[in-house]
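Listed below, chain by chain, are the residues.
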Amino acid sequence: MTGTGSDRSLRARLRALRPESFGAEPTGERLARIRRSPHFADGVFQNPEQARRGPSGSTSALAKVYFDKEGRAGRAPAGVIPVHPTTVADLARPAATGLRITWLGHSSVLAEIDGVRILFDPVWGERCSPFAFAGPKRLHPAPAPLAALGPVDVVVISHDHYDHLDLPTIKALAGTDTLFAVPLGVGAHLEHWGVPASRLRELDWHESTEIGGLTLTATPARHFCGRGIRNRQHTLWASWSVRGPRHRIFHSGDTGYFRGFEEIGAAHGPFDVTMIQIGAYSAFWPDIHMTPDEGVRAHLDLQGGRPGGVLLPIHWGTFNLAPHPWAEPGEWTKAAAEEAGQAVALPRPGEPFEPAGKVPSDAWWRGVSRPLAAHPWQRPKPAEDPEEVPRRDLDLAGDR
């Protein structure tokens, strides 16, 4: 009995040393529900398609890429990122078309849809890290204080990684009346940080909840989870479909490309706007994050295989999380979307827009970016037929 008591005492002391930012492991009925999930097997949540969760290749190869002097310089802007100073006045006016989107940096988006205000993956902290003194730091300030956004009806979380689930932001929101829609298991973190269970809507893939006349559905994604050291994969990751009386929107969260986008689009689309992860990709982890080309392909899949709606690139520009140049995701997404004939929104962080109105399209990053390599997938323009050139010259000569 003494040994058992000592074990319990040691576990209690270890729990006391656990940083608050690690959150909490699911227990009790929440854990039982996780184990009953059709997407949970062999002790962990499973991806819709097989995916390697950690980096592939050797550690030395990854370190060589990360510490390359020239590459490191390119992973940060060469000047001050032009943030749009979002004001209360910007957001106090109702959306003229019933749908307004404000990208607030990284994957944080305020969506005002059919009279309901949704805040996706809000991150106002200075670092996406368990510690205030270390980890990736913001490359630009938040466009507005969290309180300046005004009342939020529901906060939607895609998964529990630090750049999507931010302790200081959640604690600030815990003191409001907002509801939280989260993937299965993530509610354990939020309750640990002071969010009452009555304000949680915790969903497995393909489950829905009704909030303010909207239907929010947790849809599959190809990623992973975890905040602590052990990372038991006991919290689910998700993309989200939101259907209102007049509009439909989609937020990808973090995900690798997979065939399921077609099924999501068929079941819940087409969408007026999709918010698609196109940053923090690498050949070292191709299964869990999308490249810009894959992001455009995912949008087209969601729209039934053809251009439609507006694509908003997210998960880039705010934190340095991968070896690619800082502005490359924006530049390459713009190129891939134009090649596909797809409308793409390119707002400065904090710049509201309505997908049915004028969509921001300026490549604003070029003024503060170092030179970028050409986009590798874009087809070269066809060479002129040499036989056509003399004919054109003759025609011009005849006109003279």
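Thresholds applied
Residues numbered from 1 in each chain as written. Predicted model: local features only at pLDDT ≥ 70, side-chain atom pairs only at ≥ 80, totals over all residues. Heavy atoms only, no water. Helix = DSSP H or I, 4+ residues; strand = E, 2+ residues; numbered from the N terminus. Buried < 20%, exposed > 50% of the residue type's maximum accessible area, 1.4 Å probe, protein only. Contact = heavy atoms within 4.5 Å. Areas by Shrake-Rupley, 256 points an atom, 1.4 Å probe, with all protein chains shown as cover. Salt bridge = Lys/Arg side-chain N within 4 Å of Asp/Glu carboxyl O. Pairing = 2+ DSSP bridges. Right-handed = clockwise from strand over helix to strand, strands pointing away. 1 Å grid on protein atoms, 1.4 Å probe; cavity = no way out; pocket = protein on both sides within 12 Å on 5 of 7 lines; lining within 4 Å. Points joined across faces, edges and corners; volume = space filled by probe spheres on them. Nonpolar A, V, L, I, M, F, W, Y, C, P; charged D, E, K, R; others polar.

A.B. asks: Looking at this structure, how should I read the overall build of the protein?
C.D. replies: In terms of helices and strands, the protein carries 11 helices and 15 strands. Taken across its 400 residues, the protein has 54% of its residues classed as buried. For the protein, the share of sequence-separated contacts (at least 6 apart) that also reach a separation of at least 24 residues comes to 71%. For the protein, the exposed surface amounts to about 18,300 Å²; the carbon and sulfur share of it is 55%.

A.B. asks: Sorry if this is basic, but what is going on with the pattern of salt bridges here?
C.D. replies: Two side chains with opposite charge may pair up if their charged atoms get near one another. Throughout the structure, instances matching the rule amount to 13 salt bridges. Note that Glu20 and Lys171 form a salt bridge whose closest N and O atoms lie 2.9 Å from each other. Taken together, the residues span a long stretch of sequence, with Glu20 in the loop between α1 (2-17) and α2 (28-36) and Lys171 in helix α6 (residues 167-174) at a distance of 151 residues. For Arg348, the salt bridge goes to Glu351, with nearest N and O atoms at 4.0 Å.

A.B. asks: What is the right way to look at the pairing of strand β8 (residues 200-203) in this model?
C.D. replies: Each regular strand carries side chains that alternate between the two faces of the sheet. The sheet contact formed by strand β7 (residues 179-183) and β8 spans 4 bridges and is parallel. When the bridges of β8 are listed, Phe180 appears paired with Leu200. Each parallel crossover has a hand, and for β7 linked through helix α7 (residues 187-192) to β8 it is right-handed.

A.B. asks: Teacher, can you tell me more about unusual backbone geometry here?
C.D. replies: In terms of backbone geometry, most residues other than glycine have negative phi values and most peptide bonds are trans. Cis geometry is adopted by the peptide bond preceding Pro270, which originates at Gly269 and carries an omega value of -5°. Counting through the fold element by element, Pro270 comes out in the loop between α8 (260-268) and β13 (273-277). Positive phi, close to 50°, is recorded for Asp114, a residue that is not glycine. Position of Asp114 among the secondary structure elements: in the loop between β4 (109-113) and β5 (116-120). Here His206, not a glycine, exhibits a phi torsion of approximately 75°, which is positive. As for its position among the elements, His206 is in the loop between β8 and β9 (208-211). The class for His206 is exposed, based on a relative accessible area of 54%.

A.B. asks: Looking at this structure, I do not really get the layout of surface pockets. What am I missing?
C.D. replies: Considered as a void within the structure, the largest pocket measures approximately 660 Å³ in volume. Lining the largest pocket are 23 residues; nearest its centre among them are His161, Asp163, Phe224, His289 and Leu321. Here the residues of the lining of the largest pocket are counted per class, giving 11 nonpolar, 8 polar and 4 charged.

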